[in-house]
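Coordinate inspection notes
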Amino acid sequence: MFRKLQPDISRPVAIRIDGVAHDAEDGEPLAAVFHRLGGEVRKHPLTDEPRTAYCMMGVCFECLVTLEDGSTAQACLTPVKSGMSVTRQAGMKVVAHD
Amino acid sequence: MDSTDVAIVGGGLVGAAIAYGLLLRDRRVIVIDAGDTDFRAATANLGLVWVNGKGRRFPAYQRWTRRSAILWRDFQADLQKISSVTLEYRQQGGLKYCLGDDELRQQADNVAALRTEAPDLPDDTSIIDRAELERHLPGVRLGQRVVGAALCTADGDVNPLRLWRALRIAIMRLGGSIQTNNPVERISSGPDGYAVHARNGTVHAGKVVLAAGINNRALAEQIGLTIPIRPERGQILVTERLAPYLGLPGNGLRQTVNGTIMIGTSKEKVGEDNSATIKQARRMAARAVEILPALAQVRLARQWGGLRVLSPDGFPIYVHAPEMPGCFVATCHSGVTLTAAHAVDLASAIDGKEHAPGQFSNIFNSFSERRFNVPQASA
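Residues numbered from 1 in each chain as written. Chains lettered and ligands numbered in written order. Predicted model: local features only at pLDDT ≥ 70, side-chain atom pairs only at ≥ 80, totals over all residues. Heavy atoms only, no water.

**Quick word on the sheet that holds strand β6 (residues 72-74) of chain A**
All names here are of chain A. Spatially, the five strands line up as an open sheet ordered β2-β1-β7-β5-β6, and their pairing is mixed. With partners counted over all chains shown, the strands left at the sheet margins are β2 (20-25) and β6, one partner each. Going from strand to strand, the sheet's axes swing by 45° on average, the running direction of each strand aside. As judged from the two bridges shared by strand β5 (residues 64-66) and strand β7 (residues 85-88), these two strands associate in the antiparallel manner. Note that in β7 the partner of V65 across the bridge is R88. (Pairing = 2+ DSSP bridges. Helix = DSSP H or I, 4+ residues; strand = E, 2+ residues; numbered from the N terminus. Axes fitted to C-alpha atoms, helices over the stretch in contact; angles between N-to-C directions.)

**Considerations on the environment of D26(A)**
All names here are of chain A. Tracing the sequence through the fold places D26 in the loop between β2 and α1 (30-36). With a relative accessible area of 35%, D26 lands in the partly exposed category. The spatial distance from the C-alpha of D26 to the C-alpha of P79 is 7.5 Å, given a sequence separation of 53 residues. The residues touching D26, leaving out its near neighbours within four places in the chain, are R11, V13, V80, K81 and S82. (Buried < 20%, exposed > 50% of the residue type's maximum accessible area, 1.4 Å probe, protein only. Contact = heavy atoms within 4.5 Å.)

**Quick notes on the sheet that holds strand β6 (residues 146-152) of chain B**
Strand pairs in the sheet, formed through backbone hydrogen bonds, run parallel or antiparallel to each other. Residue and element names in this part refer to chain B. Taken together, the three strands give an open sheet; going across it, the order is β4-β6-β5, and neighbouring strands pair in antiparallel fashion. With one partner strand each, in any of the chains shown, β4 (94-99) and β5 (125-129) form the two edges of the open sheet. The mean angle between the axes of side-by-side strands here comes to 25°, regardless of whether they run parallel or antiparallel. Note: β4 against β6, six bridges, orientation antiparallel. Opposite L95, over in β6, you have L151 as the bridge partner. Along the sheet face, helix α3 (residues 101-117) touches β4, β5 and β6 and points at about 160° away from the line of β5.

**So, the layout of surface pockets**
Residues and elements named next belong to chain B. The volume enclosed by the second largest pocket comes to roughly 820 Å³. Lining of the second largest pocket is provided by 35 residues; of these, V238, T239, R241, T260 and R302 occupy positions nearest its centre. Listing elements by their share of the lining of the second largest pocket, those giving two or more residues are α5 (160-173), β12 (230-239) and β15 (300-310). (1 Å grid on protein atoms, 1.4 Å probe; cavity = no way out; pocket = protein on both sides within 12 Å on 5 of 7 lines; lining within 4 Å. Points joined across faces, edges and corners; volume = space filled by probe spheres on them.)

**Quick word on the pairing of β2(A)**
All names here are of chain A. As paired elements, strand β1 (residues 12-17) and β2 share six bridges and run antiparallel to each other. In the sheet register, R16 faces β2, and the bridge partner there is A21. Taken together, β1 and the strand that follows it, β2, pair antiparallel across an intervening segment of two residues, in which D18 is found at a positive phi of about 50°.

**Focus on the packing of helix α2 (residues 59-83) of chain B against helix α8 (residues 339-351) of chain B**
Residues and elements named next belong to chain B. It is the contact of α2 with α8, at a shortest axis distance of 7 Å, that shows an interaxial angle of 90°. The orientation of α2 relative to α8 falls into the category roughly perpendicular. Each of W64, R67, S68, L71, W72 and F75 in α2 lies in contact with α8, whose residues at this interface are T339, A340, A341, H342, A343, V344, D345 and L346. In terms of residue class, the contact of α2 with α8 is made up of nine nonpolar, three polar and two charged. (Parallel < 35°, antiparallel > 145°, perpendicular 65-115°, else oblique. Nonpolar A, V, L, I, M, F, W, Y, C, P; charged D, E, K, R; others polar.)

**Brief notes about the interface of chain B and chain A**
Counting from both sides, the interface comprises 17 residues of chain B and, opposite them, 15 residues of chain A. Both faces considered, chain B and chain A share a buried interface measuring about 1400 Å² in area, 58% of it formed by carbon and sulfur atoms. A per-residue breakdown of the area chain B buries against chain A is headed by E240(B), R241(B) and R299(B), which together make up 37% of the total. At the junction of chain B and chain A, the tally comes to one salt bridge. (Buried area = accessible area lost by both parts, 1.4 Å probe. Salt bridge = Lys/Arg side-chain N within 4 Å of Asp/Glu carboxyl O.)

**Structural notes on the pattern of salt bridges**
Once the charged atoms of two side chains with opposite charge are near each other, the side chains can pair. Scanning the entire structure with this criterion turns up 32 salt bridges over all chains. The partner of R51(A) in a salt bridge is E62(A), and the shortest N-O contact between them spans 2.9 Å. In this pair, R51(A) sits in strand β4 (residues 50-51) while E62(A) sits in the loop between β4 and β5, placing the two residues 11 residues apart along the sequence. A residue is classified by how much of its surface remains accessible, and R51(A), at 23% relative accessible area, is partly exposed. Here R371(B) makes a salt bridge to D313(B), at a shortest N to O gap of 2.6 Å. With R371(B) in the segment after α9 (363-366) and D313(B) in the loop between β15 and β16 (317-320), this residue pair connects regions lying 58 residues apart in the sequence.

**What to know about α5(B)**
Think of an α-helix as 3.6 residues a turn; residues three or four steps apart then line up on the same face. All names here are of chain B. For α5, which comprises 14 residues, the first-to-last C-alpha distance of 20 Å matches the rise-based estimate of 20 Å (1.5 Å per residue) to within 8%. For α5, the full list of buried residues reads P160, L163, W164, A166, L167, R168, I169, A170 and I171. In this structure, the buried side of α5 is in contact with α1 (13-24), β2 (29-32), α2, β8 (177-179), β13 (253-255) and α8. The N-cap residue of α5 is N159: its side-chain oxygen and the backbone nitrogen of L161 are 3.0 Å apart. (Expected span 1.5 Å × (residues − 1). Polar contact = N/O pair within 3.5 Å; in protein donor to acceptor, adjacent residues only side chain to side chain.)

**Quick word on the packing of aromatic side chains**
All names here are of chain B. According to the stated counting rule, one finds 10 aromatic pairs over all chains in the structure shown. Aromatic side chains Y20 and F75 sit 5.9 Å apart centroid to centroid with 85° between the ring planes, which places their arrangement in the edge-to-face category. With Y20 in helix α1 and F75 in helix α2, this residue pair connects regions lying 55 residues apart in the sequence. An identical accessibility class is assigned to Y20 and F75; each is buried. Centroid distance F58 to F315: 4.7 Å. Interplanar angle 65°. Geometry classified as edge-to-face. Separated by 257 residues along the polypeptide, F58 in the loop between β3 (48-49) and α2 and F315 in the loop between β15 and β16 bring together distant segments of the chain. Both residues of the pair, F58 and F315, count as buried. Among the aromatic residues, ring-to-ring pairing joins F58, Y61, W64, F315, Y318 and F367 into one connected group. (Phe/Tyr/Trp six-rings, centres within 6.5 Å; stacked < 30°, edge-to-face > 60°.)

**Let's talk about the nonpolar core**
Within the largest apolar cluster, 53 residues are counted, with the highest numbers of intra-cluster contacts made by I8(B), I18(B), F75(B), L79(B), L163(B), L167(B) and Y318(B). Going through the elements one at a time, β1 (2-9), α1, β2, α2, α5, β17 (327-331), α8 and α9 of chain B are the ones with two or more residues in this core. No other element matches α1(B), which puts nine residues into this core. Filtering out sequence-adjacent residues up to four positions away, Y318(B) remains in contact with W64(B), V329(B), A330(B), T331(B), L338(B), H342(B), L346(B), I363(B), F364(B), F367(B) and S368(B). Counting 28 residues, the second-largest nonpolar core is a separate cluster that includes V95(A), I263(B), A281(B) and I291(B). (Core = buried A, V, L, I, M, F, W, Y, C linked by side-chain atoms within 4.5 Å.)

Printed below as a string of structure tokens:
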């Protein structure tokens, strides 16, 4: 389990993951929040294995999350913003047919 | 010093397929391959096993590509068994999407001309309108400008990286060997027939097959041949994984078994440069979104470029060197589609012991480089 060594209490914000509120810091990588929560970011769409942020620099594509607009983002490259709401991915994304 | 029946120069899809085919015919084979960083057409394609619309003004190629598509069914079953690699091969038909009536007319003209040029071949390609295309792609919303498609039931797709890996594993399991990072420098006569001099040593072989992609141009001079090929850059875009959505592969648009959609490839004449460019990304993505508007909301995962090998007319070149019997050149653009024909008929023709049926026994006449040496009519 990861924890913050030097929490910056001047930048606390609340975000939602799968609808549940969590504490975070403004501007920190979203993937860091997942690491503090135990790590699991998504289930692999083919094998259903739990996956986590691995490279933390945008290369491995293991930390994909779904943003509020339905698009996919790499959590390690997504800065935390106050009020943001994201969901863990499970299964393959379904193409919108509208 | 190594000695073998056949030395294959190049361990990409073409060389590996021939090596695999010869090993199945109980020949001893050594594949001499260059480095991982060399240009690899095996990584620069969509994985289409494709017949649709190919072979205009070259009936021998129409037959050859269709022959390979048919051979693919048994070939892939055997290769999967020998290599234990799943190839993700499917043969459900393939689409050439048409945006606007002009494109549809061009496809119709091409299909009609191909039929006239080889009337005995199966009538497996049809021009379908938008309504029929929608029936073939349930759950897919097509862009407004899509008026129809050319549908060929012989088309299929495969994972090209798995194909390449499967061939290399099979070569080793069948007793062949692959020398990596060992570029060939020179070919001369030797005690067993020929000596292939490479960076890490010499291989003595009764026969030599040059299957070194774009490097065949330089290597063929060693066996007295001029092979007029050039690199063609192909760029590919790949999306995030999506739930199964696009039921059929298309030219330039294929959903893989893993869910990603591959978009491409570009066809650029830029020399030995495999860079990825914004210009091509824009062009390819724009066409993909015109065909499937929902793709605009999908995330791109990667873009890359690679080089494929192009002859002046775009068709393969297979040569048995007249001055050096037992030396061959094999080079082509559609290395995935032709893998099965290379493993079966081309390997058989190189082996020379027992020929492929009828028209495929004459590969080295039909696809000789001599077709590019026809004297120009004087003005």
